[in-house]
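Commentary on secondary and tertiary structure
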Amino acid sequence: MNQHSFQQVGQHSPVAIPTEMRRIEGREWWLWGFTIAVTLTLTLGIISFTIPWLNRETDASYWFDLREWVRGLAALVLLFDFYSVYQHLQLHRIRRQLAERDQLFQLISENAADMIALVDSDGRRLYNSPAYERVLGYSPEELKSTSSIEQIHPDDRPRVLQAAEKARLSGQGERVEYRIRHKDGSWRTLESTACAIRNAAGQTDKLVIVNRDITERKRAEEMLAHNAFHDGLTNLPNRALFLDRLQHALTLSRRHANYKFAVLLFDVDEFKIINDSLGHTAGDALLIQIGQRLKESVRRADMVSRPRMDDVPGRLTNDDTLARLGGDEFAILLDDIRDPIDAVRVAERVQVELAIPFTVNQQEIVVSASIGIASSTSPHTQAEDLVRDADIAMYRAKRAGKARCEVSDAAMHANAVKRLKLETDLRRALDQGEFRVHYQPIVSLQTGKITGFEALTRWQRPEGIVSPIEFIAVAEEIGLIIPMNRQLLREACEHLRIWQSEFPSSPPLTLSVNITPREFAQPDLATEIRKSLEQTGVDPGCLQLEIIETIAMGDAEKSGHVLSQLKALGAHLSIDDFGTGYSSLSRLSRIPVDTLKIDRAFISRMDSDPESREIVRVIIMLAHNLGLKVVAEGTETEEQIKLLKELDCEMAQGYFFSRPADDQAMTKLLASNHFARAASVGR
Ligand code: C2E
Ligand code: MG
Ligand code: MG
């Protein structure tokens, strides 16, 4: 018997003693007892009958009766003997059968491909069949010294324990699938059933577990599932999977208004000609390369031109999906875009990258694709409808002369055109110096004197001045804000120098400039600002950098680092539009700011709405507690000025004093000391 034998593991046979055997054993004991009793009685009887002094009055009939009795008893004993022999043979037969079963079980378990284990009620391994070593690589010694539960994948453990518990209670466990670690560290998938062995008292004291290695079957199933949803040639998702993901995106976009996506449908121009002239094998090789190129360019376009929003719960985890819909048709699901124009930009980028020649069979091939775009702005609710729209747009692109891109709906088209024009116009405006700096005075409420100016950009177009509301966000998105604001800072600093020398004051006049999130994320922001200050000779202490609340108080670690860099310059920091973000106020005490600018929304409602007045009061109180100064933005009426003065607000800015205007207008204002009236309000 080899080392896996049952005897070696424990004294118990793994097969329970059947009830028949137990019954016969019980009966055997009873027979033995009865036989002994009969024999004893018989012996005593014979002795008593045959001892002469006990039988003094014997006559012939006595001996006759005695003979009859002895004959009867002998017959009885014979009968018992027969019966005992019969029972003994029965028992022998059952023992032989049991031994055969034992041998059979051993033979099966030793040679079975399935892994058979016997564990006690504490989960300790009493026996493991040799298949364990074949399947999992552990030797019997290693198995004995390790815990079966620890080798099970942590995610699957609760299920396995539950099934074992069920087997313990009901006698038969359910079939479970779980992963177990192979000695080489890989995971194998097992399918397992457990059944209980009960003791004489009916309690479960052991479990027999039969495990089958189904790793290969699982792998095959996964492969089949993969094949069902992937294209065999390029290994990209196929139409079915694409439609499924698209449907998911559609559902998501109906639930979240700020979640947008687009579908780009590509059709390789003149693919049929390539296929016919070079042969199908070359055609296939080309399609594989196109698939790879598309994958690469989507990934790159993604990093370059599509900053992500992360606030949509349930969004697709795999982001963009590139699929081959069939033949020479590919599709991209651009997930979570900010504006449909992003899709046009990705399409253009893909066109550029596809134009780089491919090499198939040492032959250079140049291809182009016609692209149709549909986006989540369409009213469709079915994925197929959206793909059809993209398809129609794609055919329009083909008709218009190949290597083109068309968008499906009119509004999106008009938007895309307008947006692209704005981007080109902005770039040109920067080159041609169409941006002007306007200034808005910030006034001390106590003295009525101008303490400084906020510099605000204006776009001087032939048709009139354009407000920054219309272009700052776009300039920010395309990164143009950085050169724009660099220019603004230089110009404003130069004007400040002039005002400071013409209108000396103590403290000197200040300059406030706005820092956008994009600038804030620029690693060389502090260096650039220092350069401008040095070149124009402005004291850093006269510069106020305005940062909106959500950026200044956003990611504590990142923003803290940038803010302290700016602080180290010697510049002052203001939180702009305070009250509109959702930042934690406790953070305010931990960032190095000097001033809070209360958002215009609260100031404008102050005279009519007690709640806004209360908010302003609380903000001012909070700021003062933290040692910060307060500027009220957007003050337009005398009443607001009066209330702000009552609340001890230091400074105000707004149309009440002056609209933003050019430097000459500001020079005039400084000269006239126009705001003496403000100082007397409320006195
Ligand atoms: P902001 O920094 O909060 O600037 C104040 C805005 O409030 C300015 O709008 C100003 O004209 C307006 N305003 C001032 N007083 C009043 C008032 O009494 N009533 C009303 N209704 N409005 C008033 P503007 O110039 O249109 O600028 C809007 C936003 O654009 C600015 O908000 C700022 O965030 C941004 N911005 C403007 N110029 C620049 C710039 O050169 N660089 C950067 N990064 N951002 C700028
Ligand atoms: Mg501002
Ligand atoms: Mg503001």
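Looking at ligand 1, there are 25 residues lining it, with Thr457, Asn514, Arg600, Glu636 and Tyr655 nearest. Contacts to ligand 1 include glutamate 454, whose side-chain N or O atom sits 2.8 Å from an oxygen atom. In this structure, glutamate 633 approaches ligand 1 through a side-chain N or O atom, which is 3.0 Å from an oxygen atom. Summarising the interface, the protein chains cover 86% of the accessible area of ligand 1, which totals 780 Å² for the free molecule. Those elements that provide at least two residues to the shell around ligand 1 are strand 14 (450-461), helix 16 (481-502) and strand 18 (572-578). Here the shell around ligand 1 takes four residues from strand 14, the largest share from any one element. Broken down by class, the residue content of the shell around ligand 1 amounts to seven nonpolar, nine polar and nine charged.

The next subject is unusual backbone geometry. Across the chain, the bulk of peptide bonds are trans and the bulk of non-glycine residues have phi less than zero. A cis amide bond links serine 506 with the next residue in sequence, proline 507, at an omega value of -5°. Topologically, proline 507 is positioned in the loop between helix 16 and strand 16 (510-515). Phi at asparagine 235 is positive, roughly 65°, even though this residue is not glycine. Along the chain, asparagine 235 turns up in the loop between helix 8 (215-229) and helix 9 (239-255). Of note, the phi angle at asparagine 361 is positive, near 50°, even though the residue is not glycine. Within the secondary structure, asparagine 361 is located in the loop between strand 9 (358-360) and strand 10 (363-365).

Okay, the pattern of salt bridges next. As enumerated under the stated definition, the model contains 40 salt bridges in all. When the shortest N-O distance is used, the salt bridge between aspartate 213 and arginine 188 registers 2.9 Å. Of this pair, aspartate 213 sits in strand 5 (residues 204-213) while arginine 188 sits in strand 4 (residues 187-198), and the two are 25 residues apart along the sequence. For arginine 419, the salt bridge identified is with aspartate 339, shortest N-O distance 3.7 Å. Of this pair, arginine 419 sits in helix 14 (residues 410-431) while aspartate 339 sits in the loop between strand 8 (329-337) and helix 12 (341-354); the two residues are 80 residues apart in sequence, bridging distant segments of the chain. Connected via shared salt-bridge partners are Arg175, Glu177, Glu191, Arg217, Lys218 and Glu221.

Reading the values: rules and limits
- Residues numbered from 1 in each chain as written.
- Chains lettered and ligands numbered in written order.
- Predicted model: local features only at pLDDT ≥ 70, side-chain atom pairs only at ≥ 80, totals over all residues.
- Heavy atoms only, no water.
- Near = heavy atom within 4 Å.
- Polar contact = N/O pair within 3.5 Å; in protein donor to acceptor, adjacent residues only side chain to side chain.
- Areas by Shrake-Rupley, 256 points an atom, 1.4 Å probe, with all protein chains shown as cover.
- Helix = DSSP H or I, 4+ residues; strand = E, 2+ residues; numbered from the N terminus.
- Nonpolar A, V, L, I, M, F, W, Y, C, P; charged D, E, K, R; others polar.
- Salt bridge = Lys/Arg side-chain N within 4 Å of Asp/Glu carboxyl O.

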